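# What the coordinates show
In case you want the letters, here they are:
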Amino acid sequence: MSSLVIVHDNIIACEACPRLRRYCAEVARDRKRAYRDDIYWGKPVPGFGDPMARLLLVGLAPAAHGANRTGRVFTGDGIGGSGDFLMGALHRAGFANIPTSRDPNDGLFLRDAFIAAAVRCAPPDNKPTPEEIARCLPHLQAEIDALPHVGVVVALGKIAFDAYLQLLRRRDIVIRPRPAFAHAARYRLPNGQTLVGCYHPSRQNTNTGKLTAQMMDAVLRQARRVLAEQNPQGS
């Protein structure tokens, strides 16, 4: 059994945050009208992607009727939702084989990319508490430890950006001055990885134009360039 499988089994079995577990169970029981015939996943959601990935994308948390329903990150939050937006960009950049993310059985797979989250349970109002984020971070660290080739981390939103920096601090890796979150901001880190900030592909951001497809594409092109610089023969 691979280390990543063990990590994901531990994530799925996690009961560390009672408020989040109650909320996920309630959503899975009551369901949204559009999905009333679906059987909801309702458990913590592990990451998804290529175990040999050099690109790691870190999101915030599962959507109540998206990943909490389907069991796969950035999957099932509706046509044109954050899953489709992100996968469309990954497809254009050559990291995904199809441009949508609707269902765990849709045939989607990622090449050289892996998607994780700062928090693995859907939080009420998409707002996990600082304590819940802190309790969940060991899962993200365990996934990173099981992904031996990660060279670029794209943080989707400020919470994910800060969560990654918190992981570094836990390993006594302190960057001064502290990196500031901004879209397309790039930081070379002491651990050899590069951290890139990106607005989260939420409907609120994409519908208002705060994050456009062109902006998302530019971030992934930047990630490609960094990976090519890190390994000229392998890119």
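Heads up: these notes are all about the structure in this document. (Residues numbered from 1 in each chain as written. Predicted model: local features only at pLDDT ≥ 70, side-chain atom pairs only at ≥ 80, totals over all residues. Heavy atoms only, no water.)

Inspection of the secondary structure assignment puts Leu227 in helix α8 (residues 213-230). Linking Leu227 and Ala184, residues 43 residues apart in sequence, is a C-alpha distance of 15 Å. (Helix = DSSP H or I, 4+ residues; strand = E, 2+ residues; numbered from the N terminus.)

Further remarks concern the pairing of strand β4 (residues 152-156). The two faces of the sheet receive side chains in turn, since in a regular strand these alternate between them. In terms of burial, β4 is largely enclosed, as five of its five residues are buried. Where strand β2 (residues 55-59) meets β4, four bridges bridge the pair, whose relative direction is parallel. Counterpart to Val58 in the pairing with β4 is Ala155. In the sheet, β4 pairs with strand β6 (residues 194-198) via five bridges, with the strands oriented parallel. Bridging across to β6, Leu156 finds its partner in Cys198. (Buried < 20%, exposed > 50% of the residue type's maximum accessible area, 1.4 Å probe, protein only. Pairing = 2+ DSSP bridges.)

A few words now on the nonpolar core. Ranked by size, the top nonpolar core spans 40 residues in total, and within it Leu56, Phe114, Leu140, Val153, Tyr164, Leu168 and Leu195 carry the most contacts. Of all the secondary-structure elements, those providing two or more residues to this core are α1 (3-12), α2 (18-30), β2, β3 (113-117), α5 (130-145), β4 and α6 (158-170). Per element, the largest residue contribution to this core is seven residues, and it comes from α6. When residues no more than four places from it in sequence are discounted, the contact partners of Tyr164 are Ile144, Val153, Leu189, Asn191, Gln193 and Leu195. Among the nonpolar cores identified, the runner-up in size contains 30 residues, and Leu57, Ala89, Leu211 and Met216 belong to it. (Core = buried A, V, L, I, M, F, W, Y, C linked by side-chain atoms within 4.5 Å. Contact = heavy atoms within 4.5 Å.)

What follows covers the sheet that holds β2. Pairing between the strands of a sheet is mediated by backbone hydrogen bonds and can be parallel or antiparallel. The six strands lie next to each other as β1-β3-β2-β4-β6-β5, forming an open sheet whose pairing is mixed. Lying at the two open borders of the sheet, with one neighbouring strand each, are β1 (48-49) and β5 (186-188). Looking at chain direction, β2 and β3 are connected through five bridges and run parallel. If you follow Val58 over to β3, its bridge partner there is Ala116. Most of the contacts of helix α4 (residues 82-92) go to β3, to which it runs at about 155°, and overall it touches β2, β3 and β4. (Axes fitted to C-alpha atoms, helices over the stretch in contact; angles between N-to-C directions.)

What follows concerns the packing of aromatic side chains. A full pass over the atoms with the stated rule returns three aromatic pairs. Ring plane angle 70° and centroid distance 5.4 Å describe the contact between Phe161 and Phe181, whose orientation is recorded as edge-to-face. Here Phe161 is found in helix α6, whereas its partner Phe181 is found in the loop between α6 and β5, with 20 residues between them in sequence. Within the aromatic cluster, the residues linked to one another by ring pairs are Phe161, Phe181, Tyr187 and Tyr199. Directly above the ring of Tyr35 sits Arg69, whose terminal nitrogen or CZ lies 3.6 Å from the centroid. In this structure, Lys210 packs its charged tip against the face of Tyr199, placed 4.7 Å from the ring centre. (Phe/Tyr/Trp six-rings, centres within 6.5 Å; stacked < 30°, edge-to-face > 60°. Lys NZ or Arg CZ within 6 Å of the ring centre and 35° of its normal.)

Here the focus is empty space enclosed by the protein. In the structure shown here, the tally under the stated rule is one cavity of 30 Å³ or more. Taken as a whole, the largest cavity holds about 80 Å³ of empty space. Looking at the largest cavity, the residues that line it are Cys14, Ala16, Cys17, Leu20, Arg21, Pro44, Val119, Arg120, Cys121, Arg135, Cys136 and His139. Listed by contribution, the elements that provide at least two residues to the lining of the largest cavity are α2 and α5. When its residues are assigned to classes, the lining of the largest cavity shows eight nonpolar, one polar and three charged. (1 Å grid on protein atoms, 1.4 Å probe; cavity = no way out; pocket = protein on both sides within 12 Å on 5 of 7 lines; lining within 4 Å. Points joined across faces, edges and corners; volume = space filled by probe spheres on them. Nonpolar A, V, L, I, M, F, W, Y, C, P; charged D, E, K, R; others polar.)

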